[in-house]
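Here's the letter readout for the chains.
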Amino acid sequence: MAHALAESHEEAANDRVMFGFWVYLMTDLLMFAVLFAVYAVLQGNTLGGPTGRDLFSLPLVLAETLILLTSSFTCGIGMIAARAGNKNQVLTWFGITFTLGLMFLGLELYEFAELIHEGHTITTNAFFSSFFTLVGTHGLHIISGLLWMAITLIYVLKRGLNKHMVRKLTLLSLFWHFLDIVWIFIFTIVYLRAFV
Amino acid sequence: MSKTSHHLPDHPKGDHGTMHSYIIGFLLSLLFTAIPYYLVVSKSVTGTALLATILGIAVLQMAIQIFFFLHLGRGPKPLYNVVFFVSTVGIILVVVLGSIFIMDNLQYNMTGAEVNKYLAQKEGISQLGGEKTGACQGTNANHKVTLKSGKVSPLHTEARLCDTITFINEDDMVREITFGQHPKHDAYSGNNDLLVRKGRGKTITLNQPGTYKFHDHLNPDIAGDFTVIP
Amino acid sequence: MKEFLLGKLSLRALPHEWFTIGATVSFLLLALIVIVAITRLKRWKWLWNEWLTSVDPKKIGIMYFLVGGFMLLRGGLDAIMIWLQQALSSGSSQGYLSADHFQQIFTAHGNIMVFFVAMALIFGLINYIVPLQIGARDLASPFLNTLGFWLFVAGVIMVNIFFMVGGEYAATGWLAVAPLSGTEFSPGVGVDYWIWSLQISGIGTTLGALNFIMTILKMRAPGMTLWKMPLFTWGSLCSMIMAVTVFPLLTATLFLMFLDRNFGAHFFTTTLGGNAMMYTNLIWMWGHPEVYILMLPSFGAFSEIVQTFSRKAIASYKSNVLGMIGVSAFALSVWLHHFFTMGAGANVNAFFGLMTMIIAIPTSVLVFTWIATMYKGRIRFATPMLWFMGFIGTFAIGGIAGVLLAVPPVDFQLHNSLFLVAHFHTMVIGGVLFGIFAGLSYWFPKIAGFRLNERIGKYAFWCWLSGFIMAFTPLYVLGIMGATRRLDHYDASTGYQPFFIMSLIGGIVIMIGVALQIVQIIASFIQKRHLLDITGDPWGGRSLEWATPSIPPPYNFTVIPTVSSRDAYLDLKSLGLLKHDYEDIHMPRSTASGIYISAFAFLAGFGFVWHINWLAVLSIIAIIVCVIMRTFNENTEYTITAAEVEKLETDRIKKLLPAPAGNNEDMGLREFVGIVIVWGLNVIRTKPWRTH
């Protein structure tokens, strides 16, 4: 009887944490909304300088998109493994997710480095301010996610796959999927739109 | 209750993904990434139609990932997650579309370019960023138009661009000089109406060429015109 | 090297003007007194363990009240300074404040009152009362609760520390509109302090709101469906959903302004493509819902009070709830009414004007449900009910002024005039503040274990009400006469001065009211035995919080009750269903991580303000480390066994003091003054500081 009570107490606590994290993700989406709104309003203010059309490389962005999408997929598979209690599979699939995430980050940093090298920085004009902020904030979230992933995987390696770890991985996967969803809109509104 | 021997947290039933849902979600997302990419690169659709299409497909891909990766809607009731998600989407639309619409509408009465032009005229700034603004650099002749006892003298004034014109009121009542044919209340070079008290005058710079009517909006019979020659 | 270590900090940042020196000395003296007192009484450990690291929402609630109350005094001091300046500086007199100083004062006044008084007191009330009302032991996340509180405190320190380091605050108005708030026109650290005090406490607010939502939606007692929740909980839920929606907008906007100032970005600058109007647009998208966030818990508190003191259930529960939901739903459709004059076309202005007027409808529904509740009720005019009566009149007038302002052509005349200032002060003082005072006096017995002195409470209320009317009616008139807001000097020919002087007198009466409130609290402590609340239900309440003893034990309820109707407690009372069973109770441990994370957040903000980059970066890393340590800590709860609960309960009942004999009246002012004089003479005679 006590065991069942304790379990339902745990279940209720889990449910609360999932819900709370979901609401947090909604607030994060709203912050991105402001950045999107600012980008939409200011992206035309290039003062005659180069626009996205002149500077973005669609093939590079397509690569980034496919990499991130795949990492979202492998993250999902990792979660199936986690719920099945399979520690090695978890490490494998989340390891792949981590690697893909790093690759995405690398490509993005490369893109930024190129732009800065050509003299376009956040201080150049309103278009670049909003571009670097919107895409850069997404990148910062990716970095946070990777850091979170690395630490969680280390803990899984050391402490094994207990229920706390599975819960953490679930929250992490929510976060990771959500980052891919935000990227869909960056891909569309920032990059594709520049060429419309 | 869970029948497994592992002490794993009991997820609300139905909340899990199966391999099935992830694979379908992945393949559909790949498809809906490739389609807009191809459409943009091949330029087979253009303009607003293209924009609407890629935005629509983005929303579609988001829905796919929300359903197949995040399993929204498959948890236990009450479905607070769904409610929060839908309302967040609504608010995002208000924030983004609202901002775009409002910021554009702020130029409804006067665009940014017009504001700059008006300011340049007023302050006599003749060039901005290497380009001429067309503002008058200093003024030339001054023309006086006197309003007295219901008469405008002179009735017609001819002036050159960048001259000034002064409306002088020598009657007892206040006069509201505005431009255009009564009852219109047009503006000339940003001046909408000039309130001239008894014994006073108001001067404006003639920096727009053409012929313009003016009248006293309070007594529309009192009217005249002036021509500005470049 | 010095620049790397200290950023923009230098000796010049230390106080060197009369007001910065004065404020620094006052703060340091105050801190000294507090530190000496705690050391003498040997209470450091107790303070740390029982209060500062506590995750009990009741303790956190009280801490919110204390900090919020202290900031009310600070904000009120700013108000007096504004009143004085405006009453004095007519014609040839320039008043006693420089223009720049005056601007900093009204900016600080606005920020403090909105963020650090109103939000604080509301969060305190929700923290304390909502778990009791829904039959929960704690909030959903005790850690987020303490973290939210300490982030708020970090913001409070940030908004006060500029006196000691930097010497200037933002001089831009409480919302720091661009481009005045950009580096070009505000190059000092004032605006940076503004950004970080709001950013840090704003994140605390978002986390707190999240917590409240999780609690209300997921932790209600069995049987309490949404439609059976008490109305204060409904008001809190609506308010917090709005908060969680719009505070992220503020966070993002402040972040963009931070990028503009610290990294040279061009979002809101005057050159290189920036659009300052976008800032106004974004900040009011947050700003307008914010005022409803403040109002809805007050509405909820009033609903409770009207029911209890009319001895009648609310006239129409559904209408009341739908009214609150209606206000929340429309809150995000009106923000443009703050900038009708910024150039939008007539149609857009008309749309937002209409939506603003429409919001008056659900608000009126609420007012009508309250009045209908009073109709044919058996009304007692205790102090909470008096605050409600004061609210109804002033709020209605302020609301009508608001509907007037909602008409764009009228707004073109009255935008940023004193009419507007009078309108929003009527709403915030008459609405939010009176609601908070009503709620505090209503729930004070539950929180402190004894009720407040009624006599002095009534005097305080009448001072507040009459002072408020005297202070703000002239402002309505002045606004229509053409006076703009934020005037630090005006021509004698305008004829404004008599009105400003009357406003100042009203302000003084309000200050007397505040003083009386402080006297009331002290007098209540003195007469504690006489004012004790033994039953836990001093007013004859209807909702679950009155089922607990006053003061509730840390676990709130020994057994979570099952609820079957709206007036949960009333029914439990009448059906005799109040049980005294015992079971194991899981409680969260206290934690200092909230304090540590907030301390690092403060340091990071301070680093950003002064461009001390290494400090900012290291502090952020420290925050991440603390968060990781906390989230990977699996040992965050402890259990009180049923036997221990039983012992705690029997001990508590044994310690209950007996009801006071005799018929003492609540003491009046004369008696209070007499007691103070006697005490003062006694202190001088016995010199207790010498005998230690």
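### Focus on the overall build of chain C
Thinking step 1. The helix and strand inventory of chain C stands at 22 helices and two strands.
Thinking step 2. Relative to its length of 692 residues, chain C is compact, with a C-alpha radius of gyration of 26 Å against a globular reference of 26 Å.
Thinking step 3. Along the three orthogonal principal directions, the C-alpha set of chain C runs to about 70 × 65 × 55 Å.
Thinking step 4. For chain C, the proportion of its 692 residues judged to be buried stands at 59%.
Thinking step 5. Across chain C, every contact between residues at least 6 apart in sequence was considered, and the portion connecting residues at least 24 apart equals 83%.
Thinking step 6. When the accessible surface of chain C is totalled, it reaches about 27700 Å², and 70% of it is carbon and sulfur.
Thinking step 7. If you average the places of the 43 positive and of the 34 negative side-chain charges in chain C, the two averages end up 8 Å apart.

### As for the interface of chain A and chain B
Reports of interface size often rely on the accessible area that becomes lost once the parts have come together.
Thinking step 1. Of the residues lining the interface, 51 residues belong to chain A; the matching set on chain B comes to 48 residues.
Thinking step 2. In this assembly, chain A packs against chain B so that about 4400 Å² is buried in total across both faces, 81% of it on carbon and sulfur atoms.
Thinking step 3. Sorting the residues of chain A by area buried against chain B places Trp-22, Phe-73 and Arg-83 of chain A first, and these three jointly supply 15% of that buried surface.
Thinking step 4. Across the chain A-chain B interface, the total number found is zero salt bridges.
Thinking step 5. For the interface between chain A and chain B, the tally reads two residue pairs in polar contact (both at pLDDT 80 or more).
Thinking step 6. Mapped onto the side of chain A that touches chain B, the elements with two or more residues apiece are helix 1 (2-42), helix 3 (58-84) and helix 6 (163-194) of chain A.
Thinking step 7. Partitioned by chemical class, the residues of the side of chain A that touches chain B number 34 nonpolar, ten polar and seven charged.

### Remarks on the domain arrangement of chain B
Thinking step 1. You can read the domains of chain B as domain 1 (19-109) and domain 2 (134-229).
Thinking step 2. Just the C-alpha atoms count here: the centres of domain 1 of chain B and domain 2 of chain B sit 56 Å apart.

### Regarding the interface of chain C and chain A
Thinking step 1. Counting residues at the interface gives 36 residues for chain C and 36 residues for chain A.
Thinking step 2. Seen at the junction of chain C and chain A, the total is one salt bridge.
Thinking step 3. For the side of chain C that touches chain A, the secondary structure elements donating two or more residues are helix 7 (190-218), helix 8 (231-263), helix 9 (276-310) and helix 20 (613-631) of chain C.
Thinking step 4. It is helix 8 of chain C that contributes the most residues to the side of chain C that touches chain A, eleven residues altogether.
Thinking step 5. When its residues are assigned to classes, the side of chain C that touches chain A shows 22 nonpolar, eleven polar and three charged.

### Remarks on unusual backbone geometry
Thinking step 1. In this chain, Ser-153 of chain B is followed by Pro-154 of chain B through a cis amide linkage whose omega measures 0°.
Thinking step 2. Here Pro-154 of chain B shows up in the loop between strand 4 (151-153) and strand 5 (156-160).
Thinking step 3. Cis rather than trans, the peptide bond between Ala-178 of chain C and Pro-179 of chain C has omega equal to -5°.
Thinking step 4. Here Pro-179 of chain C shows up in the loop between helix 6 (142-160) and helix 7.
Thinking step 5. In this structure, Ser-149 of chain B takes a positive phi of about 50° despite not being glycine.
Thinking step 6. Mapped onto the elements, Ser-149 of chain B comes out in the loop between strand 3 (142-148) and strand 4.
Thinking step 7. Look at Arg-486 of chain C: it is not a glycine, yet its phi comes out positive at around 60°.

### What about the sheet that holds strand 11 (residues 219-229) of chain B?
Strand pairing within a sheet occurs via backbone hydrogen bonds; the two strands may be parallel or antiparallel.
Residue and element names in this part refer to chain B.
Thinking step 1. With mixed pairing, five strands are arranged side by side in an open sheet as 5-11-10-7-8. The open sheet terminates on both sides in strands that have one partner only, identified here as strand 5 and strand 8 (193-196). Between one strand and the next, the sheet's axes are offset by a mean angle of 25°, whatever the strand orientation.
Thinking step 2. Pairing between strand 5 and strand 11: five bridges, direction parallel. Within the sheet, the bridge partner assigned to Arg-160 lies in strand 11 and is Ile-229.

### Some points on the confidence of the model for chain B
All names here are of chain B.
Thinking step 1. Chain-level statistics for chain B give a pLDDT mean of 84 and a share of 90% at 70 or above.
Thinking step 2. Mean pLDDT values over the elements of chain B span from 72, in strand 1 (residues 127-128), up to 94, in helix 3 (residues 80-105).
Thinking step 3. Within the model, the stretch residues 1-15 combines pLDDT values under 50 with 27 contacts to residues more than four positions away or in other chains.

### Quick word on the side chain of Glu-454 of chain C
All names here are of chain C.
Thinking step 1. Counting through the fold element by element, Glu-454 comes out in helix 15 (residues 454-481).
Thinking step 2. Note on Glu-454: relative accessible area 17%, which makes it buried.
Thinking step 3. Reaching out from Glu-454, the side chain makes a polar contact with the side chain of Thr-383 at a distance of 2.8 Å.
Thinking step 4. Discounting chain neighbours no more than four positions away, the residues touching Glu-454 are Ala-382, Thr-383, Pro-384, Trp-539 and Asp-666.

### Quick word on helix 11 (residues 346-374) of chain C
Thinking step 1. Its 29 residues place the ends of helix 11 of chain C 43 Å apart at the C-alpha level, agreeing with the 42 Å of an ideal helix rising 1.5 Å per residue.
Thinking step 2. Looking at the residues trailing helix 11 of chain C, positive phi occurs at Lys-376 of chain C, about 65°.

### Things to note about a nonpolar patch on the surface
All names here are of chain C.
Thinking step 1. A contiguous nonpolar patch, built from Met-1, Phe-4, Leu-5, Leu-6, Trp-614, Val-617, Leu-618, Ile-621, Val-625 and Met-629 and spanning about 1000 Å² of accessible area, is present on the exposed surface.
Thinking step 2. Breaking the nonpolar patch down by element, the ones donating at least two residues are helix 1 (2-6) and helix 20.
Thinking step 3. Top contributing element to the nonpolar patch by residue count: helix 20, with six residues.
Thinking step 4. For Leu-6, the location among the structural elements is in helix 1.

### Let's talk about the packing of aromatic side chains
Thinking step 1. All told, the structure shown has 92 aromatic pairs over all chains when counted by the stated rule.
Thinking step 2. Pairing Tyr-442 of chain C with Trp-546 of chain C gives two aromatic rings, centres 5.2 Å apart and planes at 70°, and the pair type is edge-to-face. Of this pair, Tyr-442 of chain C sits in helix 14 (residues 418-448) while Trp-546 of chain C is found in the loop between helix 17 (528-531) and helix 18 (568-574), placing the two residues 104 residues apart along the sequence. Each member of the pair, Tyr-442 of chain C as well as Trp-546 of chain C, carries the same accessibility label: buried.
Thinking step 3. Joined through ring pairs, the aromatic side chains of Tyr-64, Phe-115, Phe-116, Phe-123, Phe-149, Trp-150, Phe-152, Trp-174, Phe-212, Phe-247, Trp-284 and Trp-286 of chain C make up one cluster.
Thinking step 4. Lying over the aromatic face of Phe-19 of chain A, Lys-218 of chain C brings its terminal NZ or CZ to 5.1 Å of the ring centre.
Thinking step 5. Lying across the ring of Trp-227 of chain C, Lys-318 of chain C places its NZ or CZ 5.7 Å from the centre.

### Observations regarding the sheet that holds strand 6 (residues 164-169) of chain B
Residues and elements named next belong to chain B.
Thinking step 1. Read across the open sheet, the four strands follow the order 4-3-6-9; overall the sheet is mixed. With partners counted over all chains shown, the strands left at the sheet margins are strand 4 and strand 9 (201-205), one partner each. Looking at each pair of strands side by side, their axes are set apart by 15° on average, direction ignored.
Thinking step 2. Sheet topology note: the strand 6/strand 9 ladder contains five bridges and is antiparallel.

How each quantity is defined
Per-chain numbering applies: the sequence of each chain, read as written, is numbered from 1 onward. Working convention: letters from A go to chains and numbers from 1 go to ligands, in the order in which they are written. Local features in this predicted model are restricted to residues whose pLDDT is 70 or higher, and side-chain atom pairs enter the listing and the counts only when it is 80 or higher, whereas totals over whole chains, interfaces and linings include all residues. By convention in this description, side-chain values take in all heavy atoms of the structure and omit both hydrogens and water. Each helix corresponds to a stretch of at least 4 residues labelled H or I by DSSP, and each strand to a stretch of at least 2 residues labelled E; elements are numbered beginning at the N terminus. Values of the radius of gyration come from C-alpha atoms, whereas the globule rule sets the reference at 2.2 Å times the count of residues to the power 0.38. We call a residue buried when its accessible area falls under 20% of the maximum for its residue type, exposed when it is over 50%, and partly exposed in between, using a 1.4 Å probe and counting protein chains only. For this analysis, residues touch if any pair of their heavy atoms sits within 4.5 Å. Each accessible area value is a Shrake-Rupley result obtained with a 1.4 Å probe; residue values ignore everything except the protein chains displayed when judging cover. In this tally, Asp and Glu contribute negative charge and Lys and Arg positive charge; neither His nor the terminal groups of the chain are included. For charged residues, the charge sits on one atom: NZ in Lys, CZ in Arg, CG in Asp, CD in Glu. By convention, the term buried area covers the 1.4 Å-probe accessible surface removed from two parts as they join, with the contributions of both added. Salt bridge, as used here, is a side-chain nitrogen of Lys or Arg placed within 4 Å of a carboxyl oxygen of Asp or Glu. Counted as a polar contact is a pair of N or O atoms within 3.5 Å, where, for protein atoms, one must be capable of donating a hydrogen and the other of accepting one, and residues adjacent in sequence contribute only when both atoms are in side chains. Amino acids are sorted into nonpolar (Ala, Val, Leu, Ile, Met, Phe, Trp, Tyr, Cys and Pro), charged (Asp, Glu, Lys and Arg) and polar (every other residue, Gly among them). Note that the domain bounds were set by an automatic or database domain assignment. Strands are treated as partners if at least two bridges between them are detected by DSSP. Axis lines are fitted through C-alpha atoms, for helices just across the contact stretch, and the angle between N-to-C directions can take any value from 0 to 180 degrees. Residue-level confidence of the predictor is summarised by pLDDT, bounded by 0 at the bottom and 100 at the top. The span one expects for a helix is its residue count, reduced by one, times 1.5 Å. Without a salt bridge and with relative accessible area above 30%, a residue can belong to a patch; like charges are then joined within 9 Å and nonpolar side chains (Val, Leu, Ile, Met, Phe, Trp, Tyr) within 5 Å. When the centres of two rings from Phe, Tyr and Trp lie within 6.5 Å, Trp using its six-membered ring, the rings pair. Their planes under 30 degrees apart give stacked, over 60 give edge-to-face, and anything left gives tilted. Counting as a charge over the ring demands two things of the Lys NZ or Arg CZ atom: a distance within 6 Å of the ring centre and an angle within 35 degrees of the ring normal.

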